[in-house]
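Overview (structure and organization)
Chain residues, written in single-letter form:
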Amino acid sequence: WAENGDDIEDSTGFITVPVNGFAPEVQLISSGWEYDWDTLGGTNFVYNSSLFFSGSGSDEFHSMQHMSNWVDADGSLTGRTDTGDNIVLGPAAGGEWWHLDSRPNMCETRSDWKFPQILCNRGNRQLASYMTFVDNAGSSSMSGAAQLLHPNESSNNLRKVRQGSMTHFGLEGDGSIDACEPPTPCQETTSRSWDADITGPYDHTFHGGWYLQWDAGTPAHLTIHRIQMIEGTTLINAMSLPPSLAAADITVWAESYTRRYDLMPAASLVEVRNTIDTYYFHDTTSTLYWRVVTGYVDSDSTLSWIDRNANGIQTFSREGLDIVDTTGQNQYLLHIDLDCETDAVAKGAFCEEKPSFNVPGMDCPQGMVRVAIDLCGQECELDDSCQENTSHPTETPLTAGPTDSPITNTPTEAPTDAPQTNAPSDAQTDQPSPTSNDPDVRISLLKISNRLLNGGQKWRTAISMTLRDTLWNKISGVSVSVSWMDINDSSNNGVVTKTTRANGKVGLNLPKFNTNEVDGVVVSIDSISVDGYVYNEELNIEYGGVECPIFSNGCQSVIINKPEA
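Regarding the overall build of the protein
Looking only at helices and strands, the protein has 7 helices and 35 strands in total. Relative to its full complement of 565 residues, the protein shows a buried share of 53%. Of the contacts formed within the protein by residues at least 6 apart in sequence, a portion of 72% connects residues at least 24 apart. Put simply, the protein shows about 23800 Å² of open surface, and 45% of that area lies on carbon and sulfur atoms.

Spelled out as structure tokens, the structure:
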């Protein structure tokens, strides 16, 4: 401790963050800090000494200035040891991006530090990071569109040039293209430069999400990869599309080592929150929603969470603290392609027609308001004036529903995939409902997708299903045989057989059909068998809005029409 140390105006600090650094990913977590208070001049050193936390370097770079972060796992770093919770530190310059909870005593700002930080109780939230690339060109850390829009800027200077912004759902936000460029502090909306990285807090199981905006408009081709997050958690993203675009103009697909998986349109945002292979387009507001996952497209054309051990991206652990690794550049990519007229300035990178800035709301139940980035609650919770106990959103979510059970009435990838007329409901149908200990096995999840191949000359159907028993265990080693028959020629038929994997999933690809010869096929179950279990078709899920178990006596088959060109 140095007398009058607080008067030092340079970047000298007990802890110093390189604010013009290049790595806002989730990297720092600590516990077990101990201080020699006598040599530090007392406990105030941590709370309000400017020397405790500083930033070095130019304050014109967005990434670390707005998205650097630190998890104080036991509160010992910051002195917030009485909360019984992890503490998340984020730059105060980032504004509401790091203000996790609006209720009293959940957050505080250490404004006296040279690099002021917002400190918030973590609750059930996680931290995630990923990279976004506009178009398919560019370096490993910069979109190719950046050079096209700013040809006179060096790569390093582009890290000072604003690309767009991000805003948590439920805030009004600021759609102006000059909002809070460093060193100006941000408010409800946080700006980002052409650094590809985005890092932030999330738990979007029931509410909330990240709204992304680009100053040049809506990207015609957006890729997300190098994802760092915990498997099984829910991270929702959204962006506004040009008003003239329709659902048919949107393609969302995943890629692993050139293997492709087309995501399917969902009937609601609730469905996207509970599945990993759907997206939702709200045509009234022209808002596209999707879920970011650490996924993997397997060789059998199925999409699942990545197996970290098999792919060499193990979590780093020490003394009970964990930091997950990012996925590799080719292990998982999420692509969003829009069929729109593009802006010639960026050579096709952005749609010519510009979108509105419209941050999605929280969709809180009636009588409730936004109380945190991911929670709804009573308005009196915001000023601690509630007269009686209310449900505590941190401990008990205010919207019921399973955290990792997918929606099963999933629509097919194109309207012609299956002739179901009823729209899928938002009901959670793929959830445990054990009724006995009988060793029955059933289809708990079914997805059907169609796509054209060879320039439209052929088409193919992919069927994915999950098998579980009545105690909700995923069953591996189940032999599943699906039969198909040409709707116009019964002699043209066949059977496809595969076996479920350890996660209970099986993917079955029907043969490639000539578009000019086969208008559609009838699909049914030929057999499902596994030692020690009995296939009970009456326990299967309902599919496509039809009120009977799929492939049961009441709904024995599904008709799949060829996709439209």
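The rest of the description comes next.
Thoughts on the packing of aromatic side chains
Under the definition given, this model contains 19 aromatic pairs. Consider the rings of W33 and W70, whose centres lie 6.3 Å apart with planes at 55 degrees: the pair is tilted. Placement of W33 in the loop between β2 (29-30) and α1 (37-40) and of W70 in strand β4 (residues 70-72) is noted, with a sequence separation of 37 residues between them. Arranged with centres 5.0 Å apart and planes meeting at 40 degrees, the rings of F52 and W113 form a pair that is tilted. Placement of F52 in the loop between α2 (44-48) and β3 (53-56) and of W113 in the loop between β6 (107-110) and β7 (117-121) is noted, with a sequence separation of 61 residues between them. Across this residue pair, the class does not change: F52 and W113 are buried.

Focus on the state of the cysteines
The final tally for this structure, using the stated rule, is 6 disulfides. Across a sulfur-sulfur distance of 2.1 Å, C340 and C351 are joined as a disulfide pair. Its torsion about the S-S bond being -85 degrees, the disulfide of C340 and C351 is classed as left-handed. Placement of C340 in the loop between β24 (333-338) and β25 (369-372) and of C351 in the loop between β24 and β25 is noted, with a sequence separation of 11 residues between them. Two residues share a disulfide in this structure: C548 and C555, whose sulfurs sit 1.5 Å from each other. Grouping residues by exposure puts C548 and C555 together as buried. In the protein, the cysteines engaged in disulfides, taken in order along the sequence, are linked 1-2, 3-4, 5-6, 7-8, 9-10, 11-12.

Remarks on the sheet that holds β6
What the 5 strands build is an open sheet, ordered β2-β4-β5-β7-β6; its pairing is mixed. Looking at the sheet topology across the chains shown, the edges are occupied by β2 and β6. Inspection of the sheet shows strand β5 (residues 87-91) paired to β7 by 5 bridges, in the antiparallel sense. Bridge assignment links I87 to a residue of β7, and that residue is N121.

Quick notes on the nonpolar core
Among the nonpolar cores identified, the biggest contains 60 residues, and Y130, W210, L288 and W290 are the most heavily contacted of them. Looking at which element gives the most residues to this core, the answer is strand β8 (residues 126-134), with 4 residues. Those residues in contact with L288, other than ones at most four positions away along the chain, are N237, A238, M239, L241, I250, Y279, Y280, F281 and I336. Core analysis: the second largest hydrophobic core is formed by 31 residues, L467, V506, F513 and V558 among them.

Thoughts on the sheet that holds strand β14 (residues 235-240)
Hydrogen bonding along the main chain pairs the strands of a sheet, whether they run parallel or antiparallel. Pairing in this open sheet of 7 strands is mixed, and the strands run β10-β9-β12-β14-β19-β18-β17 from one edge to the other. Edge positions in the sheet fall to β10 (190-193) and β17 (264-265), since each has one partner strand and no second. As defined by bridge partners, strand β9 (residues 162-168) adjoins strand β12 (residues 210-214) across 5 bridges and the pair is classed as antiparallel. Bridge pairing in β12 places T167 opposite Y211.

What to know about the side chain of T233
Residue placement: T233 occurs in the loop between β13 (221-228) and β14. A polar atom in the side chain of T233 sits 2.7 Å from the side chain of Y202. If sequence neighbours within four positions are ignored, T233 has contacts with Q126, Y202, R291 and W305.

Quick look at unusual backbone geometry
Here the bond from P182 into P183 is cis, since omega is 5 degrees, no more than 30 degrees from zero. Among the structural elements, P183 can be located in the loop between β9 and β10. Although it is not a glycine, E319 adopts a positive phi angle of roughly 50 degrees. Topologically, E319 is positioned in the loop between β22 (316-318) and β23 (321-323).

With respect to the environment of D298
Along the chain, D298 turns up in the loop between β20 (295-297) and β21 (303-305). In the structure, D298 is positioned 43 residues away from E255 in sequence and 9.5 Å away in space, judged by C-alpha atoms. Not counting residues within four places of it along the chain, the set of residues in contact with D298 comprises R259 and R501.

Concerning the pattern of salt bridges
Tallied over the full model, the rule gives 16 salt bridges. Ionic pairing is found between R125 and D374, a salt bridge with its closest N-O pair at 3.1 Å. Of this pair, R125 sits in the loop between β7 and β8 while D374 is found in the loop between β25 and β26 (375-377), placing the two residues 249 residues apart along the sequence. Across the pair, exposure class does not vary: R125 and D374 are buried alike. A salt bridge links R162 to D215, with the nearest nitrogen and oxygen atoms 2.8 Å apart. A residue pair is termed long-range when its members are at least 10 positions apart, and R162 in strand β9 and D215 in the loop between β12 and β13 qualify at 53 residues. Beyond isolated ion pairs, a larger network of salt bridges with shared partners links D101, R103, R125, D374 and E381.

Notes on the pairing of β5
When you tally the buried positions in β5, you get 5 out of 5 residues, the bulk of the element. Where burial is concerned, the two faces of β5 agree: the one with I87, L89 and P91 and the one with V88 and G90 are both buried. Summarising the sheet, β4 and β5 pair through 3 bridges and their orientation is antiparallel. Within β5, the residue paired with W70 across the bridge is L89.

What counts as what
Residues numbered from 1 in each chain as written. Predicted model: local features only at pLDDT ≥ 70, side-chain atom pairs only at ≥ 80, totals over all residues. Heavy atoms only, no water. Helix = DSSP H or I, 4+ residues; strand = E, 2+ residues; numbered from the N terminus. Buried < 20%, exposed > 50% of the residue type's maximum accessible area, 1.4 Å probe, protein only. Contact = heavy atoms within 4.5 Å. Areas by Shrake-Rupley, 256 points an atom, 1.4 Å probe, with all protein chains shown as cover. Phe/Tyr/Trp six-rings, centres within 6.5 Å; stacked < 30°, edge-to-face > 60°. Disulfide = S-S within 2.5 Å. Pairing = 2+ DSSP bridges. Core = buried A, V, L, I, M, F, W, Y, C linked by side-chain atoms within 4.5 Å. Polar contact = N/O pair within 3.5 Å; in protein donor to acceptor, adjacent residues only side chain to side chain. Salt bridge = Lys/Arg side-chain N within 4 Å of Asp/Glu carboxyl O.

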